[in-house]
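Spelled out from the first residue to the last, the chains are:
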Amino acid sequence: MRIGELAAAVGVTTRAVRHYHRIGLLPEPPRQSNGYRDYTLRDAVELARIRRLTELGLSLDEVKDVLTDDVGRDLVEILAELDADLGRQEEEIRQRRVRLGRLLEQAKRTGQLPVEAPVSPELTALFDDMARASARLPGPEPAMAAKERELLALLETGSSGADLGWLYAMGQGLIADAEAMRRAYTVYAQMDALAEAAEDDPRVEETARAIVDGIPDEAAQAMIAAEGKGGSCEEDGFTDALFAEFSPAQSAAVRRAIELLRERAG
């Protein structure tokens, strides 16, 4: 058989056959006097097996391992690993579809998705509640509210769920208490008002205390616990970049709020 006839018999391309030759997966047959390769039925059988194995999802390296094992023990092991890997992929796909379903349901319910999407169900619920609270207020939403949503989405993305107990506790506290959400938006407005203020403005202390008063005890305790493990309140490059987003007075208010939280935790 010529290479084209071999490829047609197995249902692959001649380019694939030549590639298998180059990587040593399919031995090259002897050439005839005219220079053409002369393939046998055995070559077709081997090529067909390669095709079946790759269609199962094996890599070419794994196929090579299987073909070098006459008794087939490696094939059983590799297929078991492949089956386990496919099971993990199925679970990942299932979880992704659940998240996509929530996003689509949210878009259907609200007519749009927030710019921070996609986030966890916990943050989705909090951001939905913030949108409802903002809609009830006169005028535009405070800029600090949008900045906080960006920060919360960033923290969630870069941290494991175990590190974010304080964040979810704070969110649940705001969702469960309409008055707490109203106070939060008052604090956002106070922070906005500090945008052009000096660091020694008396409103800095007032705003810092308002920030701390709006954090539920459970969230405050979890936040301080995270700090003790080298968490979000430690001074590092990330913290420096975070404070660089604030004006001097806003930064002073947040730093003072952290001090007050430490005092509150004892």
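Not measured: the values here are computed from a predicted model.

(A) Region of interest: the packing of helix α6 (residues 121-135) against helix α9 (residues 178-193). Relative to each other, α6 and α9 sit at 75°, their axes nearing to 10 Å. As far as their axial angle goes, α9 and α6 are roughly perpendicular. Contacts from L126, D129, M130, A133 and S134 of α6 reach α9 at M181, Y185 and Y188. Taken together, the residues of the contact of α6 with α9 sort by class into 6 nonpolar, 1 polar and 1 charged.

(B) Seen up close, the layout of surface pockets. For the largest pocket, the calculated volume is near 1,100 Å³. For the largest pocket, the lining is made up of 42 residues, of which E148, L151, I211, F246 and V254 are closest to its centre. Those elements giving two or more residues to the lining of the largest pocket turn out to be α7 (143-158), α8 (165-176), α9, α10 (203-213), α12 (237-244) and α13 (248-265). Of the residues in the lining of the largest pocket, the class split is 27 nonpolar, 5 polar and 10 charged.

(C) Quick look at the packing of α6 against α7. Packing of α6 against α7 brings their axes to within 11 Å, and their N-to-C directions diverge by 175°. Looking at the two axes, α6 sits roughly antiparallel to α7. Counted together, L123, L126, F127 and M130 of α6 and A145, R149, L152, A153 and E156 of α7 form the full contact between these two elements. Of the residues assigned to the contact of α6 with α7, the class counts are 7 nonpolar, no polar and 2 charged.

So, how was this worked out
- Residues numbered from 1 in each chain as written.
- Predicted model: local features only at pLDDT ≥ 70, side-chain atom pairs only at ≥ 80, totals over all residues.
- Heavy atoms only, no water.
- Axes fitted to C-alpha atoms, helices over the stretch in contact; angles between N-to-C directions.
- Helix = DSSP H or I, 4+ residues; strand = E, 2+ residues; numbered from the N terminus.
- Parallel < 35°, antiparallel > 145°, perpendicular 65-115°, else oblique.
- Contact = heavy atoms within 4.5 Å.
- Nonpolar A, V, L, I, M, F, W, Y, C, P; charged D, E, K, R; others polar.
- 1 Å grid on protein atoms, 1.4 Å probe; cavity = no way out; pocket = protein on both sides within 12 Å on 5 of 7 lines; lining within 4 Å.
- Points joined across faces, edges and corners; volume = space filled by probe spheres on them.

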